[in-house]
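# Per-entry structural report
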Amino acid sequence: MSRLQPRPKAISTSNVSPQLAVSTAAIAKSSTSPITNDAASRPQTPVSRPSNRSSAVDPVSDRSTLFLIRRTLCSHLVDKGRSAPVPIEDILPPLTSSNDVDLQLYAFIAIIIREFVHTWYTKITPDPLFVDEVVKIIAHCTRALEQRIRKVDLQSLLFDELPDLLDVHLQAHRTAHHDEHPPPLEINPRTIYHSLWPLAYLSPVPDEGGPLAQQQMNNEVMYRQMLVQGVLAILLPTEDLENDCLTTLVGQIFSEMIIGGVVGGKAAEPWLLWEAITKIVEVVKEKLPQSKAKVRLERSSSDLGSRPLLDAAVAMSKPWGVKWNVQKTFWLVLQYAFVTFTAIRFLVNMVATASSLPSRAAGQSDATPVSASSKDPSTLADPAIERKKPIIQMKIWSCVAHLLDLDIRMPWLSSSISMLQWGALTGFGEVGNTDGILDK
């Protein structure tokens, strides 16, 4: 309100006494001082307003991602006369069958194009047709890759092949780092590891700053290029394979920038892996409900101050304590009975519905198709037809056992599990064999 009050008029000094002049000056100073104090104590300034606006913008939101994609990949394809922007799906070719996945993949491609292609291509020519061709080739490769992934046996890949690789790596690593000789006679663990599991793209064993390190890097570069060229030969159309310039450029983008620079250079760093694991744990921890043990701990810590009063009350009412123990035992027995009933019902439902589930051996490979009407026993017993491995016989169980050192810490448990596995595979009914009740 002090801002709206008019400033007091100046009083003429011709007919005013000195006392009246001093009092009038004091009044004017007191009336104008709130204005200066209010102006000085304003919390919001023009400098602080942009910070509030910038903090409200999320750099990883869908809006920011769309803006990055439009500015990098399709700035020349957008009709500037339109009031509403054209959706990305109508401008760029689809990468996969999901629009949400396409948005994230196009953001990743836009970053790569901006950082590794525009830095040198815009110095040659402003023509955007080259970038459009690269995007079309990548889109064709991703769609073909998705179609091939749909035909992959994910059960064998996740439960047998990948755990087998991890198990072999784990055993070779532990054997290489197991010290059997004193320090004067010790051998480099990397030499032992490469002797047990030789890898062409990691050989020879690099030395510290010597010529072998450069030779190993050259072998790794050659292996990445051969890997990408083999993948492009399967995914690219025939007319694009005949274009050497295009295949070379796309192969360099995939082998050096994506696999070598992003995956091998940054994504494989230990600090980045730990940071990703930490962020995933934080996100999952926020979504999980508060555990009952933590609630009990907080409740017990809050009741520590009133513990003497509770002890006195319990000492004065022992019959009530006996009654409480009986009631607690009753509810505990009831809970165990409910859990047992639920487990039995689950097993009965599993056995009842196992016969109606589709057969795991139905999806045969395209190389050896078997018609359903074929009744030739020689065809059914053909060893060329691959028989799927049972779930309980896959490598994931042995991999977990080796990770936990189960055969060293608890050999009795390891042998008992092996006996149960053998009984499920070869025992009565073969419930653990392929298309058995346990397998389904």
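See the structure shown above.
Quick summary incoming for the structure in this document. (Residues numbered from 1 in each chain as written. Predicted model: local features only at pLDDT ≥ 70, side-chain atom pairs only at ≥ 80, totals over all residues. Heavy atoms only, no water.)

### Concerning the layout of surface pockets
Within this model, the second largest pocket holds a volume of roughly 400 Å³. Every residue lining the second largest pocket is counted, 16 residues in all, and those nearest its centre are W397, S398, A401, I417 and Q421. The set of elements that each furnish at least two residues to the lining of the second largest pocket consists of α18 (395-403), α19 (406-409) and α20 (411-426). With 6 residues, α20 is the single largest residue contributor to the lining of the second largest pocket. Here the residues of the lining of the second largest pocket sort into 10 nonpolar, 5 polar and 1 charged. (1 Å grid on protein atoms, 1.4 Å probe; cavity = no way out; pocket = protein on both sides within 12 Å on 5 of 7 lines; lining within 4 Å. Points joined across faces, edges and corners; volume = space filled by probe spheres on them. Helix = DSSP H or I, 4+ residues; strand = E, 2+ residues; numbered from the N terminus. Nonpolar A, V, L, I, M, F, W, Y, C, P; charged D, E, K, R; others polar.)

### Notes on the pattern of salt bridges
Tallied over the full model, the rule gives 8 salt bridges. Close ionic contact of E115 with R114 constitutes a salt bridge, the shortest N to O distance being 3.3 Å. Taking relative accessible area as the criterion, E115 reaches 42% and is therefore assigned partly exposed. The exposure class of R114 is partly exposed, given its relative accessible area of 33%. Between E275 and K279 there is a salt bridge whose closest N-O contact spans 3.5 Å. Note that E275 and K279 are positioned in helix α13 (residues 270-287) at a spacing of 4 residues, about one turn of the helix. Judged by relative accessible area, which is 35%, E275 ranks as partly exposed. (Salt bridge = Lys/Arg side-chain N within 4 Å of Asp/Glu carboxyl O. Buried < 20%, exposed > 50% of the residue type's maximum accessible area, 1.4 Å probe, protein only.)

Functional significance is not addressed by these values, which are geometric in nature.
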